[in-house]
Amino acid sequence: MTALGGQGLQRSCEPDHAQFARPSHRAGVELYRAHIVHQRFDPHSHQAFGLGAIESGVERFRYRGSDHLAPDDSVVLMNPDELHTGQAETDAGWCYRMVYIDEAVLFNLSGEAHWWFPEAVSADARRARSVSRLLAELWDATTEPRDPLRFDCALLLLVEELRPLARVPRPMQKTAAADFKNVIDYMHSHLDRSLCLEELARCANLSPFHFLRMFKTRHHVTPQQMLMALRLLAAKERLAQGDAVADVAASVGLTDQPHLTRCFAKRYGVTPARYQRQVRG
């Protein structure tokens, strides 16, 4: 465990407790800290880059079709819209901090477009401790007393710290046609209703089961898992805007408020109501 951050995080976060925060002055940035022991996160994604540090313990997660271990003093680097899981590898669980940064914000900070992180975990202990310190600084600047300039300066330093781990620009994919962009766009446009395999396959001009195989090969999840991840991402944004939890459930195609609560907590570690309170102050 690092001398700075890890112990303080364990004191502030009970086991299986997660906290979110958003700076009121800087759209496109969200902070997260947690101490997870028993929680197993179902596949979920973020529309932003997920960048963070493990402060104690070891996390196991599945990302881009492979299993990864992130021990203490390691950096976690996730690209936008990539589904991933998460669970403890040790009995003590793991403590960690993350920041989710929209691609547009990252571009404005760095002046470079099309960032991409080829490795999900970096074992650079010095860098991990620096990232952890900067994430703690961001958290403090976001909560009372709020300090926008302090926040933005720390955010720039964090981006500079992580720049050596990124590739810019992102390499072109060899099979761009297999990205199923039309399918993902169709899911986004129809979150509020039930979808069937045949209509998704039509978007890709493939037979249903050929589509199913190719989609899972490309995205490492089934279309249903992807659809649920998109629904909960949309729910997350509506909650942050202040929409009522019951209204959010219906708008993203979930049966009712309890259904939203169960699914949301399994992926983000907090209930929708608690998340809304945290990010709206």
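Residues numbered from 1 in each chain as written. Predicted model: local features only at pLDDT ≥ 70, side-chain atom pairs only at ≥ 80, totals over all residues. Heavy atoms only, no water.

### What to know about the overall build of the chain
The secondary structure content of the chain amounts to 11 helices and 9 strands. For the chain, whose C-alpha radius of gyration is 19 Å, the value lies close to the compact-globule estimate of 19 Å for 281 residues. Taking the principal axes of its C-alpha atoms as reference, the chain extends roughly 55 × 40 × 40 Å. Among the 281 residues that make up the chain, the fraction classed as buried is 48%. Sequence separation of 24 or more characterises 70% of the internal contacts of the chain that already satisfy a separation of 6 or more. Computed over 34 positive and 34 negative side-chain charges, the inter-centroid distance for the chain is 3 Å. (Helix = DSSP H or I, 4+ residues; strand = E, 2+ residues; numbered from the N terminus. Rg over C-alpha atoms; globule rule 2.2 N^0.38 Å. Buried < 20%, exposed > 50% of the residue type's maximum accessible area, 1.4 Å probe, protein only. Contact = heavy atoms within 4.5 Å. Lys, Arg positive; Asp, Glu negative; His and termini not counted. Charge placed at Lys NZ, Arg CZ, Asp CG, Glu CD.)

### Structural notes on empty space enclosed by the protein
Evaluation of the coordinates by the stated rule reveals 2 cavities of 30 Å³ or more. Taken as a whole, the largest cavity holds about 170 Å³ of empty space. Elements with a minimum of two residues in the lining of the largest cavity: β3 (41-44), β6 (74-78), β7 (84-88), β8 (94-101) and α10 (257-268). Among the elements that make up the lining of the largest cavity, the one with the highest residue count is β8 (4 residues). Per-class residue counts for the lining of the largest cavity are 10 nonpolar, 4 polar and 2 charged. Lining the second largest cavity are Asp81, Glu82, Leu83, Arg218, His219 and Met226. Considered class by class, the residues forming the lining of the second largest cavity number 2 nonpolar, 1 polar and 3 charged. (1 Å grid on protein atoms, 1.4 Å probe; cavity = no way out; pocket = protein on both sides within 12 Å on 5 of 7 lines; lining within 4 Å. Points joined across faces, edges and corners; volume = space filled by probe spheres on them. Nonpolar A, V, L, I, M, F, W, Y, C, P; charged D, E, K, R; others polar.)

### Considering the environment of Glu198
Secondary-structure assignment places Glu198 in helix α6 (residues 197-203). Distance in space between the C-alpha atoms of Glu198 and Arg33 is 40 Å, their sequence separation being 165 residues.

### Considerations on α10
Look at α10: 16 Å from first C-alpha to last across 12 residues, which is about the 16 Å you get at 1.5 Å a residue. Listing the buried residues of α10 in full gives His259, Leu260, Cys263, Phe264, Arg267 and Tyr268. All buried residues of α10 fall inside an arc of 125° around its axis, so they share one side. Summarising the contacts, the buried residues of α10 are in contact with β1 (17-21), β2 (29-36), β3, α8 (223-241), α9 (245-251) and α11 (272-279). Capping of α10 at its N-terminal end is provided by Asp256; its side-chain oxygen lies 2.9 Å from the backbone amide nitrogen of His259. (Expected span 1.5 Å × (residues − 1). Arc of directions from axis to C-beta. Polar contact = N/O pair within 3.5 Å; in protein donor to acceptor, adjacent residues only side chain to side chain.)

### Quick word on the nonpolar core
Core analysis: the largest hydrophobic core is formed by 55 residues, its most contacted members being Tyr32, Tyr96, Met187 and Leu260. Sort the elements by how many residues they give to this core and α8 lands first, with 11 residues. Core analysis: the next-biggest nonpolar cluster, separate from the first, contains 28 residues, Ala53, Trp115, Ala154 and Ala166 among them. (Core = buried A, V, L, I, M, F, W, Y, C linked by side-chain atoms within 4.5 Å.)

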